[in-house]
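These are the residues of each chain, in order.
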Amino acid sequence: MFPLMLTKWGSKRRRTVATVLLGAGALLATTGPVAAAALDSAGRDVYVSPSGSDRAPGTAHQPVRTLDRARDLVRQRAPHLTRDLTVHLAPGVFRLSQPLLLDARDSGGNGHRVIWQGSGDTELNGGVRVTGWRPVAGRPGLFAAAAPAGLDNTRQLYVDGVREQRARGPLPVTVKATGTGYTASADTLAHWRNPKDIEFVYTAGEALWNIQRDGLGQWTEPRCPLAAAQGTTITMAQPCWDNSTKRVLFPDIPGRSVNMVGPADLTNGRHPTYAENAFELLDTPGEWYLDRSAHLVYYLPKPGQDLRRADVEVPVLEKLVDARGIHDVAFRGLRFSYATWLTPSSPEGFSEIQAGYTITGAEGWATQGLCQFVPGGTCPYASWTREPANVSVSHARRVEFSDSVFAHLGGAGLDLVDGTKESEVRGDVFTDISGNGVQVGGVDKPVTDTDADVVRDVVVTDNHLYGLPREFHGGVPIVNGYTVRNTISHNQIDHVGYSAISVGWGGWPDKIQKPATPNLSHDNAVSDNLIFDYMLMLDDGGGIYTQGITGTSLDDGEKVTGNVVHDQWGLGKAVYTDNGNTYETIRGNVLYGTAYFNVGTVHVDYRDGLGNNDPTLTEDNYWEQGDRDKVDKGAITRGNKLLARPSDAPAAIVSNAGLEPAYRGLLVRRVGGGAPAEAPSRVGTFAVSGKLYATWNPTYAFNNAPVMEYVVTATGGGRTKSATVSAAEFAKRAYAEVPGLTDGTAYTVTVAARNAYGTSEPSLAAAPVTPGPTPGAGPGVPTSARALPSATAASIRWNPPAATGDTPVLAYTITVSDGRTITVEGRDALVTQPTVKGMTRVVDNLKPATAYTFTVAAVTATGTGPAATFTATTAP
């Protein structure tokens, strides 16, 4: 009986949900079915169960079955509210055949709310199950099933709550770019089953070792489908191809595109990193393919998976909830799961420009967001297309999402956009999402004459965001556009592929000595967040990234305070003040373990033509950067403390950052199934005599068990050689060695991650390398070496050598005149070298008022190079 289910359900709720029920109806929370009957007789609350009936009245004893019917009952009762109205959703799966559409009629009123209350195990599911699997003749291990009714296309498939890999692999041919696509070295693709299904993926990131930097900038990963493959001619889908390979250039500014984002020369953007979504690429357990023409789903099971018993889900809907104009509505204790986003599978593709925003439409590359800079440019500047979320709220007031899970989603997770106000996202989990996590505000209305479109007073706090983005790897867990008085606070963001938080927009015109885009933003705050293990796949981002004008003065500009940001893998900054960043205050943060800068960088303010810098204030932070106090034409640095060790950071800041005590249970909340981790990415190698070196971007989607070690496999000459490195050792060194190889034999390398559930599928292979003797040329001298001391420590700063000799830099050694030799290892030692970005290490245990001599030298596989020598005297 439903009342009994409610009693059991209530006993499993966490503290936050119990509080909600006491507030919404103390009788129900304390006396169970008796109080429920009283509420029913008053015609107030609505009850919904997957086993209910839409012919029922929606009472505790006779629940309705669908969310649509529950909404209709709410509409009947909402105009007469005298207290909160709760829609009680029972545990279980609510399979949606269409999005739950809400509008102003579904709102609270008279000071009361409509609360959509789940159990924590209530799932809003936009997918369908795939059953009836059969072995495929002639393909050992491969299974197929009929596509369920309603499944025409999808981009994701899940087995027992774990996202599986759409079939992918290297191109079987070499290709040369043309104006409309490519000329291939052979007609292989033309003979594949469904060439139009194939999608080329262009992964960026820094060029490192033999990793080519594809994409449209180190922070992007565009995707374009094929339109046709005939003979050796590959025609790419339009407008994706043009939007990803063409740019309007300023006639009087050499090498600068009018959109000003990323490179003007898109040669790298035409080189596909790999291909995806083809039957012929099904070669690794865990891969799947939907043959739309044959209406069949193919899957190659992993060891231990039994498709007769497994829950195989494919998302169909692109929206789970679409709420427009609602107010005084709360969503609590829900799981938003199994939705997709199909635009990237269309000729539009995914022509990413930054943070999930894309160039779209015919001639988008020539007009979209180019406003005053080209004839026919659409306004405002930089108004590119936002990635849609699977749960969307617009023009809303006082909307709450709490105690919920956003997972197994194919677009962004949650939109609070277009005039949404006085709303909050609190105590939620965001993980296993293809793109961005939470999107607050947009970039298409930097200035507006009416408050109706302004996004303001939105709070995103005490959420755990991790293990994303899973598909569109330039995505960001929290993206905040042009907004007013928003607060992003006390979130924990960890194990993510790119930047953690992105704020602002429209600052790029400073690249052509023009002012940043005027906008309405002011009084936004990013405070007390805990961010670590970020930028694990792409580069040129930050823990907290801001660009554009953030207010009208330092008083009402963006405040970045009390955050703890550490262990950045990619090249970037902990707090990134990018183009046009104006009136940002960075105060009282703990920042360490970054590749490049803790805070940076200063830009010229072109609003007044006086040559000043964008006004910013960086004060009272604990960091490794060690910059002196100074006022640099409006950019103020003062009172910052050199952090000799992470343990020296003030306990008051560290303990306050991240989830508040009442929400720390989110860190152990299990989402999805247990399985081997996702494969590592971007494997790079080089070789010397008898061995090779490998580096890669680590796994950040663990599937409920952390990675314990990595397995590096070199294949060449018909033989394989493997090496194993612990995850801790790899985090420290950022590379592994595979010895015992044969000189003169070409080897390719893959890397797999191993956790408690087993070993992941192997990564895509690195380009081949051939071991052999090297001439013996060592690295040059590091440049710009200097020490910035405090009384008891010194920030040692230097740039990589311009020439590295036979092999890339692997590490550095620092010597101190007190007799110490310090080895400097880590990803930053590798990734700063190709573009000669700065290195930083802190040397501690120095004596006050003492002169010291330091040296720093680069270490390669050939040996240690000559050292740069410099001196400094510690403060009294």
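Preceding this section is the structure that the text describes.
The structure contained in this document is the topic of the report that follows.

1. Re the sheet that holds strand β6 (residues 127-129)
And step 1. Strand order in this open sheet of four strands is β6-β21-β9-β10, and the pairing throughout is antiparallel. The open sheet has two edge strands with one neighbour each: β6 and β10 (162-163).
And step 2. Where strand β9 (residues 158-159) meets β10, two bridges bridge the pair, whose relative direction is antiparallel. Residue Y158 lies in a different strand from β10, and its bridge partner there is R163.

2. Things to note about empty space enclosed by the protein
And step 1. Within the structure shown, the criterion is met by seven cavities of 30 Å³ or more.
And step 2. In this structure, the largest cavity occupies an estimated 90 Å³ of space.
And step 3. Considering the residues around the largest cavity, the lining is formed by D418, G442, D444, K445, D453, V454, V455 and Y482.
And step 4. For the lining of the largest cavity, the class distribution of residues is three nonpolar, one polar and four charged.

3. Some thoughts on the nonpolar core
And step 1. One finds W116 and F854 to be the most contacted residues of the largest nonpolar core, which totals 152 residues.
And step 2. Per-element accounting of this core gives the leading share, five residues, to strand β62 (residues 809-816).
And step 3. Not counting chain neighbours up to four residues away, the residues in contact with W116 comprise L67, A70, R71, V87, L89, L100, L102, V329, A330, F331, R332 and L334.
And step 4. Listed in part, the 28 residues of the second largest apolar core include L171, L281, L282 and L300.

4. What about the packing of aromatic side chains?
And step 1. Taken as a whole, this structure holds 34 aromatic pairs when the rule is applied.
And step 2. For the ring pair Y182 and W241, a centre distance of 5.2 Å and an interplane angle of 70° mean the geometry is edge-to-face. With a gap of 59 residues between them, Y182 in strand β14 (residues 181-184) and W241 in helix α5 (residues 240-245) connect regions that are remote in the sequence. The pair Y182 / W241 is uniform in exposure class, with both members buried.
And step 3. Stacked on the ring of Y274, the Lys or Arg R168 has its end atom at 5.5 Å from the ring centre.
And step 4. Cation over ring: K573 sits above Y576, and NZ or CZ is 4.0 Å from the ring centre.

5. Quick look at the environment of V712
And step 1. In this structure, V712 sits in strand β55 (residues 709-716).
And step 2. Between the alpha carbons of V712 and W241 there is a distance of 35 Å; along the sequence they are 471 residues apart.
And step 3. What V712 contacts, discounting residues up to four positions off in sequence, is A694, W696, K721, S722, A723, A736, V738, V749, T750 and V751.

6. Some remarks on the sheet that holds strand β54 (residues 691-697)
Strands in a sheet are paired, the pairing made by backbone hydrogen bonds, and the direction either parallel or antiparallel.
And step 1. Taken in spatial order, the three strands make up an open sheet running β53-β54-β57, and their pairing is antiparallel. Since the sheet does not close on itself, it has two edges, and those belong to β53 (681-688) and β57 (736-738), each with one partner. Between one strand axis and the next, the sheet turns by 25° as a mean value, whatever way the strands run.
And step 2. In the sheet, β54 pairs with β57 via three bridges, with the strands oriented antiparallel. Residue Y693 lies in a different strand from β57, and its bridge partner there is E737.

7. Considering the state of the cysteines
And step 1. Using the criterion set out here, one finds two disulfides in the structure.
And step 2. Each sulfur of the disulfide joining C224 and C240 lies 2.0 Å from the other. Linking C224 and C240, the disulfide has an S-S dihedral of approximately -85° and is accordingly described as left-handed. In this pair, C224 sits in strand β16 (residues 223-230) while C240 sits in helix α5, placing the two residues 16 residues apart along the sequence. We note that C224, like C240, is buried.
And step 3. Bridging C371 to C379, the disulfide has an S-S length of 2.1 Å. Every disulfide takes its handedness from the sign of the S-S torsion; for C371 and C379 that torsion is 95°, giving right-handed.
And step 4. Among the residues examined, C371 registers a relative accessible area of 14% and is labelled buried.
And step 5. Once the disulfide-bonded cysteines of the protein chain are ranked by sequence position, their pairing pattern turns out to be 1-2, 3-4.

The rules we used
Residues numbered from 1 in each chain as written. Predicted model: local features only at pLDDT ≥ 70, side-chain atom pairs only at ≥ 80, totals over all residues. Heavy atoms only, no water. Pairing = 2+ DSSP bridges. Helix = DSSP H or I, 4+ residues; strand = E, 2+ residues; numbered from the N terminus. 1 Å grid on protein atoms, 1.4 Å probe; cavity = no way out; pocket = protein on both sides within 12 Å on 5 of 7 lines; lining within 4 Å. Points joined across faces, edges and corners; volume = space filled by probe spheres on them. Nonpolar A, V, L, I, M, F, W, Y, C, P; charged D, E, K, R; others polar. Core = buried A, V, L, I, M, F, W, Y, C linked by side-chain atoms within 4.5 Å. Buried < 20%, exposed > 50% of the residue type's maximum accessible area, 1.4 Å probe, protein only. Contact = heavy atoms within 4.5 Å. Phe/Tyr/Trp six-rings, centres within 6.5 Å; stacked < 30°, edge-to-face > 60°. Lys NZ or Arg CZ within 6 Å of the ring centre and 35° of its normal. Axes fitted to C-alpha atoms, helices over the stretch in contact; angles between N-to-C directions. Disulfide = S-S within 2.5 Å.

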